[in-house]
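What follows is the residue order along each chain.
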Amino acid sequence: MTECSLSTVMTCYQEPSAVVTTDGRSAQDRTAFERRVRQWMAVLAPHPARVFGVYLDDAGEFAALLMALWQCGRTPLLAGDNLPATVARLEGHASALIGNFTAPTALARIAEPEPGAPEASTPFIAIPRHHAAVIVLTSGSTGEPRPVTMHLAQLEDEVAMHEAQWHDVAGQALVIGTVTHQHVYGLIWRVLWPLVGQRPLACHYSHYLEDVLAWTQEYRDLVLVTTPSHLGRLPAQADWSSARGAWRMVVSSTAPLSMSDSLTAGERFGVAVTEIFGSSETGGIAWRQQQRDPVWQTLPGITVQVAHDDDSAGVEGNGNNEGPLVIRSPLLGHDNWFATGDQARVESGERFTLLGRVDRIAKIEGKRVSLTAMEQCLQDHAWIREARVVVLGGHRTRCAVVATLTDPGMEALDQVGRRAFSGALRDWLTSVFEAPVLPRHWRFPDEFPRNAQGKVPQDLLAELFPTDTPVRTGLHLPEVLASHVEGSEVTLRIRVQQELAYFQGHFPEVSVLPGVVQVQWAEHFARSLLGDQLPPRASFRRMEVVKFQQLIQPGQEVTVLLSLDQARGRLGFRFHDGDIGFSSGRLVFVAEGAQ
């Protein structure tokens, strides 16, 4: 293999027959990849746009497009999804769209070149390091997404850090993943790092563990790029033995992985999980393998320390080794200290332990309370695996808690019931917090709702708490245990609580969830998770092929599948639990633009 950098991917020699991308059935070698890049160059070169909004499902096609954009001096703006709200945001920053966009827009759309399309004849060049390589929409931890431009120098230097650190471990393994390349983490690890290391990359990401393990039937040299949300739910009954020995690396990012999940995943994959800590703003900061050492180790060239206080962040010589974490990194493009927004205990300039986010302060019943401290206090309890505190609005501001439980916690919940269980946790908090600020609402899902990046946004947590409360009007929505949105499709796992208002008197002999409620829930979750992609309620026309096959009763867990055909204005729904089907059907709306 010839050593190359991100700027020289297309000018660096690679064997013509070397595999660049594969979908598991067919492979694209270097010759075919170069041909595809030139076909995209022929399309892009004459176009007047400088910034293109990009959303492509196929990482191999995305890689060819990205190289062509850079060769033509153009910049992609990565769309994290193709929902209407995202497309609307792109309109203010891009001049044209490329890829799998279906939402109405005034932007020009660039079609993919056909397989036999003309190719550009200009020779490949090394890309200048000052080139605006990608624009990403990021909001950090909170706030409205804003465009952040990442220049080639930052991406090139970060990929070089990872390649220097992990080249000998990864070798020429095929890189697969459970994360999309449309976000920075997936972009770097599933596309850029394989291209620089001249190792093959998988075209499509794996939605489920079964998809991940299926790769091991044909390939015995693999790197898995994943997240804590996937590693935290590895089923023990899967056929791990047949996949053992196939893994060179398992990489995890977007959030710290718990020690127990890290150890379990390491045992099942047969390799230590390599965690990467960083952000879109900072790039990679540090790594760790908890099976060997739970302390974070900075990537080469990066230094960390604790800030004194708000007025002296970054001043060297702080005698207190706990506090807000600041970093100095060549990836930032300057030599100043940068505040990460994390609390840490710093052992040295290269080693630290994360202690959570810098305090989030809220005012509840006129009293200031640290939500970060409340989360940490809950996580000190033997029942709590991880906790998030949410501030709910309405006629009065109040705290709510979403928590995942340890095995002892789940046993206690089953034994004493939800009310006594929540009461015991409230009592635990009273030693630290005053009564007016204590949480009034609790949810104990099997896992946190996460977005496509594997992160846990506050709005998804708030969705677990319906605005109508049991005390005043009766509970009208189920408990959401897990949710996943992919394009125009939604998958939910819900628990149908006994306390729901619909079970009161329906029916006297046996409690049954009415069919009309299932239809209402389908529309509710489609609107909350797909947004304006679903036509307005006023355009509803009829229901089609609605079937109610089995009864849903209190305490049952149900999977809800929603699929929207936006062009035809049809929302399909299905409630089931494995092979047991409860209901299915379609809601028909007048599609936008239809007469």
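Residues numbered from 1 in each chain as written. Predicted model: local features only at pLDDT ≥ 70, side-chain atom pairs only at ≥ 80, totals over all residues. Heavy atoms only, no water.

Trainee: Run through the overall build of the protein, naming residues and quoting values.
Mentor: If you tally the helices and strands in the protein, you get 14 helices and 30 strands. Taken against the 2.2 N^0.38 rule, which gives 25 Å for 595 residues, the C-alpha radius of gyration of the protein at 25 Å falls within 12% of a compact globule. Counting every position in the protein, which comprises 595 residues, the buried fraction comes to 52%. Excluding contacts between residues fewer than 6 apart, the proportion of contacts in the protein whose partners are at least 24 apart in sequence is 61%. Taking the average location of the 51 positive side-chain charges in the protein and that of its 66 negative ones, the two points are 5 Å from each other. (Helix = DSSP H or I, 4+ residues; strand = E, 2+ residues; numbered from the N terminus. Rg over C-alpha atoms; globule rule 2.2 N^0.38 Å. Buried < 20%, exposed > 50% of the residue type's maximum accessible area, 1.4 Å probe, protein only. Contact = heavy atoms within 4.5 Å. Lys, Arg positive; Asp, Glu negative; His and termini not counted. Charge placed at Lys NZ, Arg CZ, Asp CG, Glu CD.)

Trainee: Tell me what's going on with the environment of Asp 293, and back it up with residues and numbers.
Mentor: Its location among the elements puts Asp 293 in strand β15 (residues 293-298). Considered as a pair, Asp 293 and Leu 209 are 84 residues apart in the sequence and their alpha carbons are 27 Å apart. Once residues within four sequence positions are removed from consideration, Asp 293 is found in contact with Arg 288 and Arg 351. Here the side chain of Asp 293 touches Arg 351 through a polar contact of 2.9 Å, side chain to side chain. (Polar contact = N/O pair within 3.5 Å; in protein donor to acceptor, adjacent residues only side chain to side chain.)

Trainee: Could you give an account of the pairing of strand β5 (residues 96-99), naming the residues involved and the relevant values?
Mentor: Note: strand β3 (residues 51-55) against β5, four bridges, orientation parallel. Bridge pairing in β5 links Gly 53 to Leu 97. In this structure, β5 lies alongside strand β6 (residues 108-110), joined through three bridges in parallel fashion. Bridge assignment links Leu 97 to a residue of β6, and that residue is Arg 109. (Pairing = 2+ DSSP bridges.)

Trainee: Tell me what's going on with the sheet that holds strand β30 (residues 580-589), and back it up with residues and numbers.
Mentor: In space, the six strands of this open sheet follow the order β25-β26-β28-β29-β30-β27, with antiparallel pairing throughout. The sheet is open, and its two edges are formed by β25 (479-486) and β27 (540-548), each paired on a single side. The average angle at which neighbouring strand axes cross in this sheet is 15°, direction not considered. In terms of strand pairing, strand β28 (residues 557-565) meets strand β29 (residues 570-577) through seven bridges, oriented antiparallel. Bridge pairing links Asp 565 to Arg 570 in β29. Set on the sheet, helix α14 (residues 515-530) makes contact with β25, β26 (489-495), β27, β28, β29 and β30; between it and β29 the angle comes to about 115°. (Axes fitted to C-alpha atoms, helices over the stretch in contact; angles between N-to-C directions.)

Trainee: Let's hear about the packing of aromatic side chains: which residues, and what values?
Mentor: Under the criterion given, the structure shown has 13 aromatic pairs. Considering the side-chain rings of Trp 189 and Trp 193, the 4.8 Å spacing of their centres and the 55° angle between planes classify their relative orientation as tilted. Here Trp 193 and Trp 189 lie together in helix α5 (residues 184-197), a separation of four residues that amounts to about one turn. Accessibility classification places Trp 189 together with Trp 193 in one group, the buried group. Note on Trp 215 and Tyr 219: the rings are 5.7 Å apart at their centroids and 50° apart in plane angle, and the pair reads as tilted. (Phe/Tyr/Trp six-rings, centres within 6.5 Å; stacked < 30°, edge-to-face > 60°.)

Trainee: Tell me what's going on with the pattern of salt bridges, and back it up with residues and numbers.
Mentor: Per the stated rule, a full pass over the model turns up 23 salt bridges. Close ionic contact of Glu 34 with Arg 30 constitutes a salt bridge, the shortest N to O distance being 2.8 Å. Taken together, the residues Glu 34 and Arg 30, both in helix α1 (residues 30-44) and four residues apart, mark about one turn of the helix. Of the residues examined, Glu 34 reaches a relative accessible area of 25% and is grouped as partly exposed. One salt bridge in this structure joins Arg 129 and Asp 157, with 3.1 Å as the shortest N-O distance. Highlighted residues: Arg 129 in the loop between β6 and β7 (132-138) and Asp 157 in helix α4 (residues 152-170), separated in sequence by 28 residues. Judged by its relative accessible area of 39%, Arg 129 is partly exposed. (Salt bridge = Lys/Arg side-chain N within 4 Å of Asp/Glu carboxyl O.)

Trainee: Outline the nonpolar core, supporting the account with residue identities and numerical values.
Mentor: Considering soluble globular proteins, one finds that nonpolar side chains tend to be buried as a cluster. Ranked by size, the top nonpolar core spans 78 residues in total, and within it Leu 192 and Phe 352 carry the most contacts. Once residues within four sequence positions are removed from consideration, Leu 192 is found in contact with Leu 6, Leu 66, Trp 70, Leu 155, Val 159 and Leu 187. Core analysis: the next-biggest nonpolar cluster, separate from the first, contains 41 residues, Val 456, Trp 521, Phe 525 and Ala 526 among them. (Core = buried A, V, L, I, M, F, W, Y, C linked by side-chain atoms within 4.5 Å.)

Trainee: Tell me about the sheet that holds strand β23 (residues 398-405), residues and numbers included.
Mentor: If you walk across this open sheet you meet the three strands as β22-β23-β24, and the pairing is mixed. Of all strands in the sheet, those bounded by a partner on one side alone are β22 (384-392) and β24 (441-443). The average angle at which neighbouring strand axes cross in this sheet is 20°, direction not considered. For β23 and β24, the ladder comprises three bridges, and the chain directions are parallel. Within β24, the position partnered with Val 402 by the bridge is Arg 443. Here helix α10 (residues 371-379) sits on the sheet in contact with β22, β23 and β24, set at roughly 150° to β22.

Trainee: Could you give me a rundown of unusual backbone geometry, with the residues and numbers involved?
Mentor: Glycine aside, negative phi is the norm for most residues, and most peptide bonds take the trans geometry. Notably, Gln 198 is not glycine yet its phi reads approximately 50°, a positive angle. Within the secondary structure, Gln 198 is located in the loop between α5 and β10 (201-202). Phi at Val 545 takes a positive value of approximately 40°, unusual for a residue other than glycine. If you trace the backbone, Val 545 turns up in strand β27.

Trainee: Break down the packing of helix α2 (residues 59-71) against α5 for me, with residues and values.
Mentor: As a packed pair, α2 and α5 sit with axes 11 Å apart at the nearest point and diverge in direction by 65°. On the basis of their axis angle, the class for α2 and α5 is roughly perpendicular. Judged by the twist between their axes, the crossing of α2 over α5 is right-handed. Where α2 approaches α5, its residues Ala 59, Phe 62, Ala 63, Leu 66, Met 67 and Trp 70 are matched on the opposing element by Leu 187, Arg 190, Val 191, Leu 192 and Leu 195. Grouping the constituent residues of the contact of α2 with α5 by class yields 10 nonpolar, no polar and one charged. (Parallel < 35°, antiparallel > 145°, perpendicular 65-115°, else oblique. Left-handed = near helix turned anticlockwise from the far one by under 90°. Nonpolar A, V, L, I, M, F, W, Y, C, P; charged D, E, K, R; others polar.)

Trainee: Requested: an account of the pairing of β29, with residues and values cited.
Mentor: The two faces of the sheet receive side chains in turn, since in a regular strand these alternate between them. For β29, the tally of buried residues reaches six of eight residues, placing the bulk of the element in the interior. The turn joining β28 and β29, which pair antiparallel and follow one another in sequence, is formed by four residues; a positive phi near 70° is taken by Gly 569. Sheet analysis places β29 next to β30, joined by eight bridges and oriented antiparallel. Across the sheet, Phe 575 pairs through a bridge with Ser 583, a residue of β30. Following β29, the chain reverses through two residues before pairing antiparallel with β30; Gly 578 in that reversal takes a positive phi of roughly 65°.

The values are spatial; any link to function lies outside them.
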